[in-house]
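# Understanding the architecture of this molecule
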Amino acid sequence: MELQEKRILLVDDEQPVLDALQRNLRNQGYIIDAYIDAQEALGVCETRHYDLIISDFKMPGMDGLMFLTLAKKILPDSTRFLLT
């Protein structure tokens, strides 16, 4: 039986935060996609499945709560976390 790798989407407007999250999660064996722009990340949700979506709350253009609300409509089975 083949184990399926888990995919995580990270969204934060601060690159150092994304870098730190990616380092820690990759060490656990996850596939990570990271975006600084919430609108761009939302577009990716249309074409990929994510097991976990982690978003910063305070971002320009679209805050994390709105992003996760919209992502839930596209990927209702994904687990979502908001970083504050």
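Figured I'd write up the structure that's included with this text.

### A look at helix α3 (residues 64-74)
All buried positions along α3 are accounted for by Gly64, Phe67, Leu68 and Ala71. The arc that holds the buried residues of α3, viewed along the axis, is 95 degrees, so those residues lie on one side. Between the side-chain oxygen of the N-cap and the backbone nitrogen of Leu65 there are 3.1 Å, and the N-cap of α3 in question is Asp63.

### With respect to the nonpolar core
With 16 residues, the main nonpolar core has Leu9, Val11, Ile53 and Phe67 as its most contacted residues. Among the secondary structure elements, those contributing two or more residues to this core are β1 (7-11), α2 (38-45) and α3. No other element matches α2, which puts 5 residues into this core. Excluding anything up to four places from it in sequence, Val11 contacts Leu18, Tyr35, Ala38, Ala41, Ile54, Ser55, Asp56, Met59 and Phe67.

### Focus: the pattern of salt bridges
Opposite charge on two side chains makes pairing possible when the charged atoms of those side chains draw close. Counting across every chain of the model gives 2 salt bridges. Ionic pairing is found between Arg48 and Asp33, a salt bridge with its closest N-O pair at 2.9 Å. Taken together, the residues Arg48 in the loop between α2 and β3 (52-56) and Asp33 in strand β2 (residues 31-35) connect sequence positions 15 residues apart. Taking the relative accessible area as the measure of exposure, Arg48 reaches 36% and is therefore partly exposed. Residue Asp33 is classed as buried on the basis of its relative accessible area of 12%. Shared partners join several salt bridges into a network, and the residues in it are Arg7, Asp33 and Arg48.

### As for the side chain of Asp56
Following the sequence through the fold, Asp56 ends up in strand β3. Once you skip the residues sitting within four places of it in the chain, Asp56 turns out to touch Val11, Asp12, Asp13, Gly64, Leu82 and Leu83.

### Some details on the sheet that holds strand β4 (residues 79-83)
One open sheet holds the 4 strands; their spatial order is β2-β1-β3-β4, and the pairing between them is parallel. Two strands close off the open sheet at either side, each with one partner strand: β2 and β4. Taking the axes of each pair of neighbouring strands and ignoring which way they run, one obtains an average angle of 15 degrees across the sheet. In this structure, β3 lies alongside β4, joined through 5 bridges in parallel fashion.

Conventions used here
- Residues numbered from 1 in each chain as written.
- Predicted model: local features only at pLDDT ≥ 70, side-chain atom pairs only at ≥ 80, totals over all residues.
- Heavy atoms only, no water.
- Buried < 20%, exposed > 50% of the residue type's maximum accessible area, 1.4 Å probe, protein only.
- Helix = DSSP H or I, 4+ residues; strand = E, 2+ residues; numbered from the N terminus.
- Arc of directions from axis to C-beta.
- Polar contact = N/O pair within 3.5 Å; in protein donor to acceptor, adjacent residues only side chain to side chain.
- Core = buried A, V, L, I, M, F, W, Y, C linked by side-chain atoms within 4.5 Å.
- Contact = heavy atoms within 4.5 Å.
- Salt bridge = Lys/Arg side-chain N within 4 Å of Asp/Glu carboxyl O.
- Pairing = 2+ DSSP bridges.
- Axes fitted to C-alpha atoms, helices over the stretch in contact; angles between N-to-C directions.

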